[in-house]
Amino acid sequence: MSAQRRTSEGASAVGRAGEVRAGWAMASPALAAILLFFALPAVASLFLSFTDFDIYALADLGNLRFVGLANYERLIQNPLFWKAMTNTLLFVAVGTPLIVALSLFAAMLVNSRWLKWRPVWRVALFAPYVTTLVATAVVWRYLLHTRYGLLNYLLSFFGVPPIDWLGSPTASLPAILLFVGWKTFGYNMIIFLAALQTVPRELDEAARIDGAGWLTRLRHVTLPAIAPTMLLVSVLTVAGMFQLFAEPYVMTQGGPAQSTVTILYFMYEEGFKWWNLGSGAAVAFLLFLCILAVTLVQLRITKRSGAI
Amino acid sequence: MQLTRRHMAGALAALPLAPLLGGCGTREDDALTIWAMGNEAASLPALLGGIAWPADAPPIAVQPLPWTAAHEKLLTGFAGGSLPSVGQVGNSWIAELAAIGALAPVPAYARRLLHDQFGAVVDTNRIAGKTWGVPWYVDTRLQFYRKDLFARAGYDGPPPDWAGWKAALHKVKEQAGDGNYALLYPLNEYEQLTTLALSAGARMLHDEGGRGAFSEPEFKAALAFYKSLFDEGLAPRVSMAQISNVWTEFGRGYFSLFLSGPWTIGDLKRRLAPALQDDWGTAVNPGPDGIGSAAPGGSSLVVFADGAHDKAAWDLVARLTASVAQLALHEATVDLPARRSVWTAAGLMRDPAVAPFRVQLERATALPKVPEWERIVTEMQIVAERMVRGQFSVDEAAREIDARADRLLEKRRWMLEKGRAL
């Protein structure tokens, strides 16, 4: 009896060890991929940021020098770096609330019960996200055209004089933001839509019977219910805004007067236009620290408010 | 095996990976690949039809690149070891590509290709005693001006010496009316200042391109002259982004003179109103005392180092730069031929808008041939713009440009010390 129990205990210990082994075995392909394609390049680029890898080093690795923190020091003294930093922070500060609000609004719209042809609307609003960026950028360049653009045409009804959207240093950033918002809200909308469908209808109806208006119900019923999703979407959007590159690259090439140079665009120019990969890697590392810091702060805030 | 929905979905999801399999096959190494850009790439297939390429030579494959991405593509091609055999390369990129060892020098048996060319253009391609490319077509920048507005001010055209030139511009400005200017020198373009500097005889870099020479009197003279054009109200303090359309503004008389290259001839013919077609012309650049200089531009054909088919590649370059092909290229693209004899054959000297380009190309000067050059002039212009906007005096600006250039050239100085720089 006792011998039997002992063997069964032994067997379960062996079973646990086997489970652990199986777990590692199953996770190892994914872990190996993360190590090989994420951790290793990240460490390599950190190392690269301490060197002066440039076209001379490209020709012959013997021309590579270890320069310590000189790349970072030079970046901090570079006014264009700070300009790019300011632009990016502007994109994050203005763009994130704009896109989150836009996608939440769109999600509520396609979730509402009185809307007919809901699947059609969902597809139509999701379409910009899956359309090729360059193709949409060409269309948007027409929409934003100073003389023939639809946007200026519509504004002219309100007596607004034509705005040189992509040519004026003050209007270019809002123009890019409009485009980015239109391009990305569809993805967030789908996430919000999934969350909205989990909000119990009874709560909403109970609130309505209690005499709560639309805004009150949104504030006290819907938003608390989708708070974790809100966090997810805003983290994704902040990360996306920090990594804004393709839109200014296609629409304005960083101009006019460097008003749309984002931090990633700056990194691209540093790394691939001027071929200073060392300095480019330093920018990448600083960007990584920025995104990490913002995400940690966001997580901390939401944990405190009990959303997760 | 039963085909389930899951299998189908899996197969569909894997479809995008299919092209990867194509990459596993054998690569087509027997073709002679040539990279070209813009208009030249578009007209290359027709050009290749006319060069009588031998049947036993490797077949030619043309790969067009957009101009905006060409420079990066060349460098990444070098980094990835995927450069083609032959390529069209902007003359100003040759120093950089030669420095990293991407190019093969023109071999002795092909050196005859360098005869009958403009001296300054060939000089641009000559680094460390070797020539790294054969000029294919050329360009340079000179003045486009409004004949009618200069005539109203009492001039046939812009005078060739700085003092007379500026006096004429003052007269043009007086006649131009309120809100109009005499010339357009956009503050974000560096070509205007480098043209003035070359005209003044500035060398801009010294110590084998290891240090800036922007504080030397020649460059300072050019810088001071440049500043005075804005201070005296002859040119507006604007960047190109604020000019919605150069041709329209030129037609309206917002300015009567600007600096540009041969491509603008076609633009003006197409876009300027028919009534104005007789009222514009081109003129060579002014200098401190007499005709000035300019930087030679255009593209060369190069053969990349360690590419396959070395002999065939140089044969292709020879055929594409032969007089007949040069004439065909000019007819297809309106590019100015690199060979001087072709200018006569094409009757280019009879076109009054084109003839000054010939004069200017004979008086062109090569810019410093260091890989860092483009970044240096970009910084030079940032400082020059601040100077024009009142942040620096001429002396301070010259010192600042030197400091920035020296910082950018730090690696080159180290390379020179080690004897590794070209």
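Residues numbered from 1 in each chain as written. Chains lettered and ligands numbered in written order. Predicted model: local features only at pLDDT ≥ 70, side-chain atom pairs only at ≥ 80, totals over all residues.

Observations concerning the overall build of chain B
Part 1 of the argument: Within chain B one finds 19 helices and 17 strands.
Part 2 of the argument: For a compact globule of 422 residues, the expected C-alpha radius of gyration is about 22 Å, and chain B comes in at 24 Å, within 12% of that figure.
Part 3 of the argument: Projected onto its principal axes, the C-alpha positions of chain B cover 85 × 60 × 55 Å.
Part 4 of the argument: With 422 residues in all, chain B has 43% of them scored as buried. (Helix = DSSP H or I, 4+ residues; strand = E, 2+ residues; numbered from the N terminus. Rg over C-alpha atoms; globule rule 2.2 N^0.38 Å. Buried ≥ 20, exposed ≤ 12 C-beta atoms within 10 Å, placed from the backbone.)

Comments concerning the overall build of chain A
Part 1 of the argument: Scanning chain A for helices and strands turns up 14 helices and 0 strands.
Part 2 of the argument: When the helices and strands of chain A are read in sequence order from the N terminus, they spell out α-α-α-α-α-α-α-α-α-α-α-α-α-α.
Part 3 of the argument: If one aligns the C-alpha atoms of chain A with their principal axes, the spans along those axes are about 95 × 75 × 35 Å.
Part 4 of the argument: Considering only intrachain contacts with a sequence separation of at least 6, the fraction spanning at least 24 residues in chain A is 67%. (Contact = placed C-beta atoms within 7 Å.)

Overview of the nonpolar core
Part 1 of the argument: Counting 154 residues, the largest nonpolar core has B:Leu97, B:Leu183, B:Ala197, B:Ala222, B:Phe258 and B:Val317 as its most contacted members.
Part 2 of the argument: In terms of residue count, the dominant contributor to this core is helix 17 (residues 373–388) of chain B (8 residues).
Part 3 of the argument: Counting 12 residues, the second-largest nonpolar core is a separate cluster that includes A:Ala107, A:Val110, A:Phe185 and A:Leu193. (Core = buried A, V, L, I, M, F, W, Y, C linked by C-beta atoms within 7 Å.)

Remarks on the interface of chain B and chain A
Often, the extent of an interface is quoted as the loss of accessible area on bringing the components together.
Part 1 of the argument: Taken residue by residue, the interface counts 15 residues in chain B and 16 residues in chain A.
Part 2 of the argument: Of all elements in the fold, only helix 4 (67–79), helix 5 (94–99) and helix 19 (410–417) of chain B reach the threshold of two or more residues within the side of chain B that touches chain A.
Part 3 of the argument: With 3 residues, helix 4 of chain B is the largest single contributor of residues to the side of chain B that touches chain A.
Part 4 of the argument: Here the side of chain B that touches chain A is built from residues that sort into 7 nonpolar, 3 polar and 5 charged. (Nonpolar A, V, L, I, M, F, W, Y, C, P; charged D, E, K, R; others polar.)

Re the domain arrangement of chain B
Residue and element names in this part refer to chain B.
Part 1 of the argument: For chain B, the domain assignment lists domain 1 (29–140 + 296–346) and domain 2 (142–294 + 370–417).
Part 2 of the argument: Its C-alpha centre places domain 1 at a distance of 30 Å from the equivalent point of domain 2.
Part 3 of the argument: Contact with domain 1, which involves 9 residues of that partner, is made by 9 residues of domain 2.
Part 4 of the argument: Counting residues per element, the side of domain 1 that touches domain 2 draws most heavily on helix 5, which supplies 3 residues.
Part 5 of the argument: Looking at the side of domain 1 that touches domain 2 residue by residue, the class counts come to 4 nonpolar, 3 polar and 2 charged. (Domains from an automatic or database assignment.)

As for the environment of B:Ile51
All names here are of chain B.
Part 1 of the argument: By secondary structure assignment, the location of isoleucine 51 is in the loop between helix 3 (38–49) and strand 2 (60–65).
Part 2 of the argument: Using a count of 17 C-beta atoms within 10 Å as the deciding quantity, one classes isoleucine 51 as partly exposed.
Part 3 of the argument: Look past the residues within four positions of isoleucine 51 in its chain and what remains in contact with it is Arg319, Leu320 and Ala325.

Some thoughts on the sheet that holds strand 13 (residues 280–283) of chain B
Part 1 of the argument: The 4 strands are arranged 9-12-8-13 (chain B) in an open sheet whose pairing can be described as mixed. For this open sheet the edge positions go to strand 9 (183–184) and strand 13 of chain B, each flanked by a neighbour on one side alone. (Pairing = 2+ DSSP bridges.)

Let's talk about the domain arrangement of chain A
Part 1 of the argument: Domain boundaries in chain A define domain 1 (2–48) and domain 2 (70–305).
Part 2 of the argument: Domain 1 of chain A and domain 2 of chain A are separated by 39 Å when their C-alpha centres are compared.

Remarks on the pairing of strand 3 (residues 86–90) of chain B
All names here are of chain B.
Part 1 of the argument: A large share of strand 3 lies buried, amounting to 4 of its 5 residues.
Part 2 of the argument: Sheet topology places strand 1 (residues 32–37) next to strand 3; 2 bridges connect them, and they run parallel. Bridging from a neighbouring strand, tryptophan 35 pairs with glycine 87 of strand 3.
Part 3 of the argument: Where strand 3 meets strand 16 (residues 297–304), 5 bridges bridge the pair, whose relative direction is antiparallel. Paired with glycine 87 across the two strands is valine 302, which belongs to strand 16.

So, the packing of helix 4 (residues 79–111) of chain A against helix 11 (residues 227–242) of chain A
Residues and elements named next belong to chain A.
Part 1 of the argument: At their nearest, the axes of helix 4 and helix 11 sit 9 Å apart, and the two run at 140° to each other. Here helix 4 is positioned oblique relative to helix 11, judged by the angle of their axes. Considering the relative orientation of helix 4 and helix 11, their crossing is right-handed. Here Thr88, Phe91, Val92, Gly95, Thr96, Ile99, Val100 and Ser103 of helix 4 come into contact with helix 11, specifically with Val233, Ser234, Thr237, Val238, Met241 and Phe242.
Part 2 of the argument: Here the contact of helix 4 with helix 11 is composed, by residue class, of 8 nonpolar, 6 polar and no charged. (Axes fitted to C-alpha atoms, helices over the stretch in contact; angles between N-to-C directions. Parallel < 35°, antiparallel > 145°, perpendicular 65-115°, else oblique. Left-handed = near helix turned anticlockwise from the far one by under 90°.)

Comments concerning the environment of B:Asp351
Residue and element names in this part refer to chain B.
Part 1 of the argument: Relative to the elements of secondary structure, aspartate 351 occurs in the loop between helix 15 (340–345) and helix 16 (355–362).
Part 2 of the argument: A tally of 13 C-beta atoms within 10 Å means that aspartate 351 is categorised as partly exposed.
Part 3 of the argument: For the pair aspartate 351 and alanine 235, spaced 116 residues apart in the sequence, the C-alpha separation amounts to 29 Å.

Topic: unusual backbone geometry
All names here are of chain B.
Part 1 of the argument: Within the chain, alanine 52 stands out as a residue other than glycine whose phi angle is a positive 55°.
Part 2 of the argument: Checked against the element boundaries, alanine 52 lands in the loop between helix 3 and strand 2.
Part 3 of the argument: Owing to 9 C-beta atoms within 10 Å, alanine 52 belongs among the exposed residues under this scheme.
Part 4 of the argument: Even without being glycine, aspartate 207 reaches a positive phi, approximately 55°.

Topic: the confidence of the model for chain B
Residues and elements named next belong to chain B.
Part 1 of the argument: Averaged over all residues, the pLDDT of chain B equals 89, while 92% of them reach at least 70.
Part 2 of the argument: Counting contacts from residues 15–28, a segment whose pLDDT is below 50, to residues more than four positions away or on other chains yields 0 contacts.
Part 3 of the argument: Interface confidence in the predicted complex, given as ipTM, is 0.72; pTM for the same model is 0.80. (pLDDT = per-residue confidence, 0-100.)

Digging into the environment of B:Gly390
Residue and element names in this part refer to chain B.
Part 1 of the argument: Position of glycine 390 relative to the elements: it lies in the loop between helix 17 and helix 18 (394–408).
Part 2 of the argument: Judged by local crowding, glycine 390 falls into the exposed class, with 11 C-beta atoms found within 10 Å.
Part 3 of the argument: Spatially, the C-alpha atoms of glycine 390 and isoleucine 34 are 48 Å apart, while their sequence positions differ by 356 residues.

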